[in-house]
Amino acid sequence: GESVGLHLPTLSVQEGDNSIINCAYSNSASDYFIWYKQESGKGPQFIIDIRSNMDKRQGQRVTVLLNKTVKHLSLQIAATQPGDSAVYFCAENRGNTPLVFGKGTRLSVIA
Amino acid sequence: DAGITQSPRHKVTETGTPVTLRCHQTENHRYMYWYRQDPGHGLRLIHYSYGVKDTDKGEVSDGYSVSRSKTEDFLLTLESATSSQTSVYFCAISEVRSDQPQHFGDGTRLSIL
């Protein structure tokens, strides 16, 4: 619910603009990454994933970029819409263990 | 949506009482997970299961126990609830442990007074 968004960094974007949400990871052995979207009162929803043998992957209106050199992951949302307002967080695979999740970024779309 | 049902969706209880949360899946996935989500911490893994009767601890397992007697059901129990366990609890499922996405239920909001 609303408590998910407290204490999170916030990105405010004008409707129609592109959004870029960033995620840093620390484990150079991580080889699989996922972006999730979480709307208020709901569980996290899978958006897109990428494996370490790729630098870029595109979905519908979303693109994930992976920079293994600086251990950085980004999610780009094209033509941001009010329905994109949510908390977004990344997850990484640190070897043969369950996924590890980041704390998230709140995206706020200004109409 | 992945076939994951969490029950109850909301619960208020008192310190010291036992609480059991249920996660039910219809996907026949091998792995099931329990997380808690708190402001400033994101999702933290409590316990997970990799098969019937096979479970392992996560990062915040103290005060929690789990059981999985059937593929489709994963129970989380707070033997004696404390106020620090007030949180939103999410169940997730996946086919494999680490290189495929997990899919989540809609959570249980638990308040311990």
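About the cut-offs
- Residues numbered from 1 in each chain as written.
- Chains lettered and ligands numbered in written order.
- Predicted model: local features only at pLDDT ≥ 70, side-chain atom pairs only at ≥ 80, totals over all residues.
- Heavy atoms only, no water.
- Helix = DSSP H or I, 4+ residues; strand = E, 2+ residues; numbered from the N terminus.
- Rg over C-alpha atoms; globule rule 2.2 N^0.38 Å.
- Pairing = 2+ DSSP bridges.
- Phe/Tyr/Trp six-rings, centres within 6.5 Å; stacked < 30°, edge-to-face > 60°.
- Buried < 20%, exposed > 50% of the residue type's maximum accessible area, 1.4 Å probe, protein only.
- Salt bridge = Lys/Arg side-chain N within 4 Å of Asp/Glu carboxyl O.
- Axes fitted to C-alpha atoms, helices over the stretch in contact; angles between N-to-C directions.

Chemist: Looking at this structure, how should I read the overall build of chain A?
Modeler: Of the regular secondary structure elements, chain A holds 0 helices and 10 strands. Secondary structure elements in chain A, listed N-terminal to C-terminal, are β-β-β-β-β-β-β-β-β-β. For 111 residues, the compact-globule estimate of 2.2 N^0.38 gives 13 Å, and chain A sits close to it at 14 Å. Referenced to the eigenvectors of the C-alpha coordinate spread, the extents of chain A come out at roughly 40 × 25 × 20 Å.

Chemist: Could you clarify how one ought to interpret the pairing of strand β6 (residues 62-67) of chain A in this entry?
Modeler: Looking along a regular strand, one sees the side chains alternate between the two faces of the sheet. Residues and elements named next belong to chain A. When strand β5 (residues 56-58) meets β6, the two strands line up antiparallel, connected through 3 bridges. Counted as the bridge partner of Q58 is T63 from β6. Connecting β6 to the next strand, strand β7 (residues 72-77), in antiparallel fashion are 4 residues, including K71 with a positive phi near 55°.

Chemist: Hey, could you run me through the packing of aromatic side chains in this one?
Modeler: The final tally for this structure, using the stated rule, is 13 aromatic pairs over all chains. Ring centres of A:Y36 and B:F104 lie 5.5 Å apart, and the angle between their planes is 90°; on these two criteria the pair is classed as edge-to-face. Remark: B:F104 occurs in strand β10 (residues 103-104) and A:Y36 occurs in strand β3 (residues 32-38); the pair is interchain, linking two chains. B:F104 carries the same exposure label as A:Y36, and that label is buried. Ring centres of B:Y35 and B:F104 lie 5.7 Å apart, and the angle between their planes is 40°; this geometry places the pair in the tilted category. A residue pair is termed long-range when its members are at least 10 positions apart, and B:Y35 in strand β4 (residues 31-38) and B:F104 in strand β10 qualify at 69 residues. Neither B:Y35 nor B:F104 differs from the other in exposure class; each is buried.

Chemist: Could you clarify how one ought to interpret unusual backbone geometry in this entry?
Modeler: With the exception of glycine, the majority of residues adopt a negative phi angle, and the majority of peptide bonds are in the trans configuration. Between B:S7 and the following residue, B:P8, the backbone shows a cis peptide bond with an omega angle of -10°. Residue position: B:P8 is located in the loop between β1 (4-7) and β2 (10-13). For A:R61, which is not a glycine, the phi torsion comes out positive at approximately 65°. Among the structural elements, A:R61 can be located in the loop between β5 and β6. On the basis of relative accessibility, which here comes to 30%, the residue A:R61 falls in the partly exposed class. Even without glycine at this site, A:A79 takes up a positive phi of about 50°. Structurally, A:A79 is set in the loop between β7 and β8 (86-92). Classification of A:A79 by relative accessible area gives partly exposed; the value is 36%.

Chemist: What's the story with the pattern of salt bridges in this structure? I'm lost.
Modeler: A side chain with one charge may pair with a side chain of the opposite charge, provided their charged atoms come close. What the rule picks out here adds up to 9 salt bridges over all chains. The partner of A:D49 in a salt bridge is A:R57, and the shortest N-O contact between them spans 2.3 Å. Residue A:D49 is classed as buried on the basis of its relative accessible area of 11%. Residue A:R57 is classed as partly exposed on the basis of its relative accessible area, which comes to 34%. Its salt-bridge partner being B:K70, residue B:D73 comes within 3.3 Å of it at the nearest N-O pair.

Chemist: Just checking my understanding: could you explain the sheet that holds strand β2 (residues 19-24) of chain A for this structure?
Modeler: Residue and element names in this part refer to chain A. On the basis of which strands lie adjacent, the open sheet formed by 4 strands has the order β2-β7-β6-β5 and antiparallel pairing. In this open sheet, the two edge strands, each paired with only one partner strand, are β2 and β5. Averaged over all pairs of adjacent strands, the angle between strand axes in this sheet comes to 15°, irrespective of strand direction. Where β2 meets β7, 6 bridges bridge the pair, whose relative direction is antiparallel. Residue pairing in the sheet places N22 in a bridge with S74 of β7.

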